[in-house]
Amino acid sequence: ADSTRRATHRVRAVVQLVRRKLSTVSSAWTTAQAYTVLQWGNDEARFDLTNRIEGPVQFQGPLQVCPTYPYDCRPFSGAIDEVAVFNKTLGDSDMTNLYAARLSTDNSARMAQEYNSRGPLSWWRLNEAAGATTAADQMGLNPGTIVGPTLGVSGSPSSPAQNAANFDGANDHVSIGTFSSANDNKFSIIAWVKPDTTNQDLARILCKSTGIEESDTYWELSAVKVSGNLRLRFRLKTLGSTSTLTATGGTLAAGSWSLVGATYDGLVMRLYKDGSQVGSALKLGNVSTSSQARVYIGDSPPGSARSRYLRDLEAKRAAGGIDMRPLSGPVGLPTGRISAVNRSLLEQDLKLTTTSVSATDSGPLTMPGPVSTYQLYAGGKSYAVPVVVSALSSVTLKSDPISNPLGVFYASGAVSLYDNVTINGTLIVDNGSTASKLQIYGRNVQLQGANLPSIDGSTQALQLPAAIVRDDMNVASGAGATITGLVAVGARYYVQQSGTSGTSLTHTGKLFCRKLALEGRNEWVQSESWWQDRLSEFLNQWLTAGTTPNPYFPEYLRSRNLAPEPPTVIKSASTPVTYHWHNWSNPLFVPHPNDTGLRWNLIQWLENP
């Protein structure tokens, strides 16, 4: 009743936000978390030895598996059937009759009769069913080991009831061993072939050699490019010298069967296609022999160093050894964006499980652009994001509970990290342009994603990304870095010359990027002939009496100071973590759909404080 009188009652209430829900993320972001590495867009993804990615991966772009080294050899792409070696000279009439057998009513039996009547030294019919591991020698002397080719495909036109073997042009071959023809001046090879493509060169059909050079070859029938045409080639070593004869005619056609042959009579080397002579050259002397030179169908000995390396990594893992494969899988791949060669390396050599995914050029995220402030909740304090300088060295950046509780840091352009830099939080490098790059040059560089408080009622670990980079993220040669958390890169994630002396990178978390390039190690970048020589040395262990062969090519290379352990490893966290992609213009925590607003817990109620 007296307006001049006033009564006051003071209460202090302390409340704490009940964290019921984080800001909304896209379904694509949620799906992406199933992968250790997700590369999106039709940009190249490549990794060389010895880099390693553990766990599920998805590559959208063209994938290159260990493209720098080791090397493939000279494989044939297409079907091969009815391969035979003779220690006699087949003449023009022999070749004509062999080819004419395909026109017989019972051409399969007629063809077999024509082969048998000429007494081959060895004859591989390649009619084994799918799953076979041994190619039988019809003459019983020199069976072969089947490595890769698809068996049971339709055979040559002279034997429609028979099967043939299809070689993928990457690493498929049949290894016959080290047998030699008789040491005289009579020699012949015949085979049926059907190239998949004429865009192949130096494709071996049957070859006995110790390497890829002409001087390494004892005898060989192959296909080579001549003015854009695929022609036959015959190599033969006599008197310790190898000569090469290339056909002047008789072009091989893709998708068509041809009877091909090479003969030697002590005076002349000859080539035949479909019963007709297509080339000849003078040559003298007895056919040279070697107990070291191997015989391959579909490739040149010693085969693909790359495939042998990858196969032996898998063999060692399967035998209970440490898994040092470049990938552990499974691997998601879009149909049509990976070559048959690279798919073969994954599936046949590394024995990885591959799954088909839809091809898309869209990523699971949208780059934030410049970030200057953030809020934990609507109505709460707006925190200013510290701006870092373009070059950091011997510094630690971390959260501050008063001014920067999430530990968010922003670079307005390219930023370089040198020795002894630790960032515990989220580094955002994005001024909206391609000048936004993160480059790691130093040693003892550590990036650690910021841990978020868990959602109410859940114990699931939550983190913001450790780094968000609009353009490229480069780890330079010689750098040493540890990354714990998710890294999102709008362009290329690039590890340069990984594994040079002292270079190391351990990334535990997730990597999402548009382009991936994990380079090879400097000391491993050797010539093709160097790699083939090392593979030959490795294989020759079994030919040297009194030695205990090292069964795995990667382990054998330790003697060349090439340690197979990967110094670059990308792997998921051992304890599952959910990574949150935040829209920095909105609050981090938002009301739960079941609540009318943010929910708070009363921590303290104090009367008359």
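To keep things clear, this report deals only with the structure shown in the data block. (Residues numbered from 1 in each chain as written. Predicted model: local features only at pLDDT ≥ 70, side-chain atom pairs only at ≥ 80, totals over all residues. Heavy atoms only, no water.)

## So, the layout of surface pockets
Volume-wise, the largest pocket comes out at about 340 Å³. Taken together, 17 residues form the lining of the largest pocket, with Ser175, Arg294, Tyr296, Arg308 and Leu539 sitting closest to its centre. Taken together, the elements giving at least two residues each to the lining of the largest pocket come down to strand S10 (144-147), strand S13 (173-177), strand S22 (294-297), helix H4 (305-318) and helix H6 (528-540). No other element matches S13, which puts three residues into the lining of the largest pocket. Of the residues belonging to the lining of the largest pocket, the class tally is seven nonpolar, seven polar and three charged. (1 Å grid on protein atoms, 1.4 Å probe; cavity = no way out; pocket = protein on both sides within 12 Å on 5 of 7 lines; lining within 4 Å. Points joined across faces, edges and corners; volume = space filled by probe spheres on them. Helix = DSSP H or I, 4+ residues; strand = E, 2+ residues; numbered from the N terminus. Nonpolar A, V, L, I, M, F, W, Y, C, P; charged D, E, K, R; others polar.)

## Thoughts on the sheet that holds strand S42 (residues 577-579)
Neighbouring strands of a sheet are bound in pairs by backbone hydrogen bonds; such pairs are parallel or else antiparallel. In space, the three strands of this open sheet follow the order S35-S36-S42, with mixed pairing throughout. On the outer flanks of this sheet lie strand S35 (451-452) and S42, each paired with one strand and no other. When S35 meets strand S36 (residues 461-463), the two strands line up antiparallel, connected through two bridges. By the bridge assignment, Leu452 is partnered in S36 with Leu462. (Pairing = 2+ DSSP bridges.)

## Examining empty space enclosed by the protein
All told, the structure shown has one cavity of 30 Å³ or more when counted by the stated rule. The space that makes up the largest cavity amounts to roughly 50 Å³. Classifying every residue of the lining of the largest cavity gives six nonpolar, two polar and five charged.

## Points about the side chain of Asp349
Secondary-structure assignment places Asp349 in helix H5 (residues 340-349). Taking relative accessible area as the criterion, Asp349 reaches 3% and is therefore assigned buried. Of note is the side chain of Asp349, whose polar atom sits 2.9 Å from the side chain of Asn171. Filtering out sequence-adjacent residues up to four positions away, Asp349 remains in contact with Asn171, Ser307, Leu310, Arg311, Glu314 and Ser344. (Buried < 20%, exposed > 50% of the residue type's maximum accessible area, 1.4 Å probe, protein only. Polar contact = N/O pair within 3.5 Å; in protein donor to acceptor, adjacent residues only side chain to side chain. Contact = heavy atoms within 4.5 Å.)

## A look at the packing of H4 against H6
Relative orientation and spacing of two packed helices are given, respectively, by the angle between their axes and the distance between those axes. As a packed pair, H4 and H6 sit with axes 9 Å apart at the nearest point and diverge in direction by 50°. By the angle between their axes, H4 is oblique relative to H6. Touching Ala305, Arg308 and Asp312 of H4 are Trp531, Gln532, Leu535, Phe538 and Leu539, all from H6. A per-class count over the contact of H4 with H6 returns five nonpolar, one polar and two charged. (Axes fitted to C-alpha atoms, helices over the stretch in contact; angles between N-to-C directions. Parallel < 35°, antiparallel > 145°, perpendicular 65-115°, else oblique.)

## Quick notes on the pairing of strand S16 (residues 217-226)
If a strand is regular, its side chains alternate between the two faces of the sheet. With respect to burial, S16 is a largely interior element, eight of its ten residues being buried. Pairing analysis gives six bridges linking strand S15 (residues 203-209) to S16, with the strands arranged antiparallel. Bridged to Ser209 within S16 is Thr217. Relative to strand S17 (residues 229-238), S16 is paired through eight bridges, and the arrangement is antiparallel. Bridge pairing in S17 links Glu220 to Arg235. Hairpin remark: S16 followed by S17, antiparallel, with two residues in the connecting loop; positive phi at Ser227, about 50°.

## What about the environment of Leu17?
Mapped onto the secondary structure, Leu17 falls in strand S1 (residues 11-18). In this structure the C-alpha to C-alpha distance between Leu17 and Leu602, which are 585 residues apart in sequence, comes to 9.1 Å. Residues within four places of Leu17 in sequence aside, it is in contact with Tyr377, Phe589, Leu598, Arg599 and Trp600.

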